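Coordinate analysis (summary)
Spelled out, the chains give:
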Amino acid sequence: MPTPSSQPTLLRAGSRDVIAFDPLAGPPRINGARRVGIRPGTELIHPIAVTGERPLRFEVDGLPEGITVDAEGILRGTAPADDGEHELSVRVSNARGSATATIRLCVGGTLALTPPMGWNSWNVYGAKVTAEVIVAIAEEMVSNGMRDLGYQYVNIDDFWHASSRAPDGTPVANPETFPDGIAPVADALHRLGLKLGIYSDAAHLTCGKCFGGHQYERVDADAYAEWGVDLLKYDYCFAPKDQASAIERYDAMSQALRATNRSIVLSACECGGRKPWTWAAGIGASCWRTTFDIFDSFSWMWFGVRGIARRNLRLADYAGPGAWNDPDMLLIGNRGRGGVTSRLPTGPSGKHHVKLRGLDDAQALSHMTLWAMMAAPLLASHDLATSSDLDTALLTNPEVLAVNQDELGRQARKVRSSPGVWQLVKPLADGGVALSFTNLTRLPRKVGADLSAVIDAGARGDLEVIDAWSGEALDTPKVKTRLGAHESAMYVARPRQNLD
Ligand code: GAL
């Protein structure tokens, strides 16, 4: 019999039920990306994300030569030298049951075939990021189950740098905050099956005025590869305003990364001014910021969840596997306590700020719903150790994350919005569909839709319909509910015959 702790509990965000699972209890469930992109001949570190009681037993058929699976389900080794797709049949079992899934290892030029998931230091640590913080966050991501839900990257943002480069031009980390450099941090993360991200800028300085990467692209990319870096967020402060220069500068870094022996994801952080959605994928970036920085607010302004989502929703045509619109990090868990995110700069000098109260429970629910539906990169950016149960539940709902990570890679589109409500639809790879409602107002709204009317014609028929946030199975595709101030609901319908 399952122990009592394995029983999911229901929490509340406003008037909405949110299911909270113990990720280390119950039968196995395979989460995370079903398609994994890797460049030929480069190091693979990929945890098969599985929740459920430990110990788990992993059996994987179809592994190409040079790749093995360890006892924790982490695929390790060197990708085959030639482009091609390898179908891995995964079976995981524990004392409560078993689960199977197919994971496709896609060897070729495209990385991040599903939106990157992980954590970034900026919003909470700002200039105070250290090696210790990064390793502690990685350990927390393993113990709180985030790795088992598909979160993989731990990204060091600005301020990892020493005051200057070494005399030969190679980049150097701050000896006080990263006393042994970046490589041991990468090693520690890799041992946990996680990946390390780093940050630079396509000018001589970063936004925080550390040394940037412009004209050091090869030197930096080689150093990052040697250190074991897996992702580069490349910013655009202090760089020329025109689009052609931006393309040239991002292309130079992209080429330098591709000339190394690692698969390093390029995350373009140009803030949307030069329409990166029209060119960043073309030069090999896996995602690009579409807006200025997000702050801890549900505002309609440029810095708030609604303002940012409104801009990002218009760009649905540009998203697809390996090419994601990035509306910036997740604020879930900051709740007005984020070091950077909760202080909104005001005035031209940016020296003054307004203290933000942060999102309430309903707004946090809507933030996560919108980012999941928009196939956005999911980078948490708060102190994981102090996450409330609700915030952890919002970040780790397996159905919601499965929609974000769906291998079809479509960004949700707005359909038939009623006043004050966004209704979004995201088609899924198995012929299913996800549908969400977000109440943009403070007044209660009644919402409803027929999921069988928005699902692909070929997939109509016997549908399994669930309320993704509560986990409740519904006996009809005709959903209707009442949303309180700023609340969201999210439903998933899948053709029954396609279920594992
Ligand atoms: C901003 C960027 C933030 C953070 C910051 C670091 O431009 O949008 O996400 O990276 O720079 O200084």
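Right above here is the structure, for reference.
Cut-offs applied
- Each chain carries its own residue numbering, running from 1 in the direction its sequence is written.
- Side-chain atom pairs in this predicted model are given and counted only at pLDDT of 80 or more, local residue features only at pLDDT of at least 70, and totals for whole chains, interfaces and linings cover all residues.
- Based on all heavy atoms of the structure, the side-chain values leave hydrogens and waters out of the count.
- For the purposes of this entry, the term helix denotes a DSSP run of H or I that reaches at least four residues, the term strand denotes a run of E that reaches at least two, and both are numbered from the N terminus.
- In this scheme, a residue with accessible area under 20% of its type's maximum is buried, one over 50% is exposed, and one in between is partly exposed, where area comes from a 1.4 Å probe on protein chains only.
- The criterion used for residue contact is that any of the two residues' heavy atoms lie within 4.5 Å.
- One heavy atom suffices: a residue is near a molecule or strand as soon as one of its heavy atoms comes within 4 Å of it.
- Polar contacts, as used here, are pairs of N or O atoms within 3.5 Å; protein pairs need one atom able to donate a hydrogen and one able to accept it. Residues neighboring in sequence count only if both atoms are side-chain atoms.
- Residue polarity is assigned by list, with Asp, Glu, Lys and Arg as charged and Ala, Val, Leu, Ile, Met, Phe, Trp, Tyr, Cys and Pro as nonpolar; anything else, Gly included, falls into the polar class.
- Paired strands, in this sense, are two strands between which DSSP finds at least two bridges.
- Note on definitions: angles span 0 to 180 degrees between N-to-C directions of axes, and those axes are lines fitted to C-alpha atoms, for helices only across the stretch in contact.
- Only centres within 6.5 Å qualify two rings of Phe, Tyr or Trp (six-membered ring in Trp) as a pair; their planes then separate them into stacked at under 30 degrees, edge-to-face at over 60, and tilted for everything else.
- Charge-over-ring contacts are defined here by two conditions on Lys NZ or Arg CZ: a distance within 6 Å of the ring centre and an angle within 35 degrees of the ring normal.
- What counts as a salt bridge is simple: a side-chain nitrogen of Lys or Arg found within 4 Å of a carboxyl oxygen of Asp or Glu.

Quick notes on the overall build of the chain
A tally of helices and strands in the chain yields ten helices and 29 strands. Residues classed as buried in the chain amount to 58% of the 500 residues present. Across the chain, the fraction of contacts at a sequence separation of at least 24, relative to all contacts at a separation of at least 6, is 69%.

Quick look at the site of the ligand
In the vicinity of the ligand, the residues found are Trp122, Asp157, Asp158, Tyr199, Cys207, Gly208, Lys233, Asp235, Cys269, Arg289, Asp293 and Met329. Between the ligand and aspartate 158 there is a distance of 2.8 Å, counted from an oxygen atom to a side-chain nitrogen or oxygen. Residues of the shell around the ligand, tallied by class, amount to five nonpolar, one polar and six charged.

Quick look at the sheet that holds strand 24 (residues 433-439)
What the six strands build is an open sheet, ordered 22-23-24-29-26-27; its pairing is antiparallel. Strand pairing shows two members of the sheet lacking a second neighbour, strand 22 (413-414) and strand 27 (473-474), which therefore form its edges. Against the sheet, helix 6 (residues 305-313) touches strand 22 and strand 23 (421-427), its axis set at about 45° to strand 23.

Concerning the packing of aromatic side chains
For the structure on display, the rule yields 14 aromatic pairs. Aromatic side chains tyrosine 224 and tryptophan 227 sit 5.9 Å apart centroid to centroid with 55° between the ring planes, which places their arrangement in the tilted category. Placement of both tyrosine 224 and tryptophan 227 in helix 4 (residues 217-227) is noted, with a separation of three residues, approximately one turn of the helix. Both residues of the pair, tyrosine 224 and tryptophan 227, belong to the buried class. Seen in terms of ring centroids, tyrosine 234 and tyrosine 250 are 5.5 Å apart; in terms of plane orientation they differ by 90°. Their pairing is edge-to-face. Taken as a pair, tyrosine 234 in strand 15 (residues 231-235) and tyrosine 250 in helix 5 (residues 243-258) lie far apart in primary sequence, 16 residues in all. Like tyrosine 250, tyrosine 234 is buried. Three or more aromatic residues link up through ring pairs in this structure, and these residues are Trp160, Phe211, Tyr224 and Trp227. Here the guanidinium or amino end of arginine 165 rests over the ring plane of tyrosine 216, the centre of that ring lying 3.7 Å away.

As for unusual backbone geometry
A cis amide bond links arginine 54 to the next residue, proline 55, at an omega of -5°. Secondary-structure assignment places proline 55 in the loop between strand 6 (50-51) and strand 7 (57-61). Located in the positive-phi region is alanine 112, a residue other than glycine, with phi close to 50°. With respect to the helices and strands, alanine 112 occurs in the loop between strand 11 (97-107) and strand 12 (117-120). With a relative accessible area of 13%, alanine 112 lands in the buried category. At glutamine 215, a position not held by glycine, the phi torsion is positive, near 70°. Within the secondary structure, glutamine 215 is located in the loop between strand 14 (195-201) and helix 4. Take glutamine 215: its relative accessible area is 58%, and that puts it in the exposed class.

Some words on the sheet that holds strand 10 (residues 84-94)
Strand order across the open sheet formed by four strands is 4-11-10-7, with mixed pairing between neighbours. One side of each edge strand has no neighbouring strand; the edge strands of this open sheet are strand 4 (35-38) and strand 7. Direction aside, neighbouring strands of the sheet carry axes that sit 25° apart on average. The pairing of strand 4 with strand 11 spans four bridges and is parallel.

Topic: the pattern of salt bridges
Evaluated as defined, the whole model comprises 25 salt bridges. Arginine 335 is the partner of aspartate 391 in a salt bridge, and the nearest nitrogen-oxygen pair spans 2.7 Å. Of the two residues, aspartate 391 sits in helix 8 (residues 389-395) while arginine 335 sits in the loop between strand 18 (324-326) and strand 19 (343-346), which places them 56 residues apart along the sequence. Arginine 494 serves as the salt-bridge partner of aspartate 430, at 2.9 Å between the closest nitrogen and oxygen. Here aspartate 430, found in the loop between strand 23 and strand 24, pairs with arginine 494, found in strand 29 (residues 488-495); they are 64 residues apart in sequence, far enough to count as distant. Under the relative-accessibility criterion, arginine 494 is labelled buried at 15%. One salt-bridge network, held together by shared partners, links Arg35, Glu85, Glu87 and Arg104.

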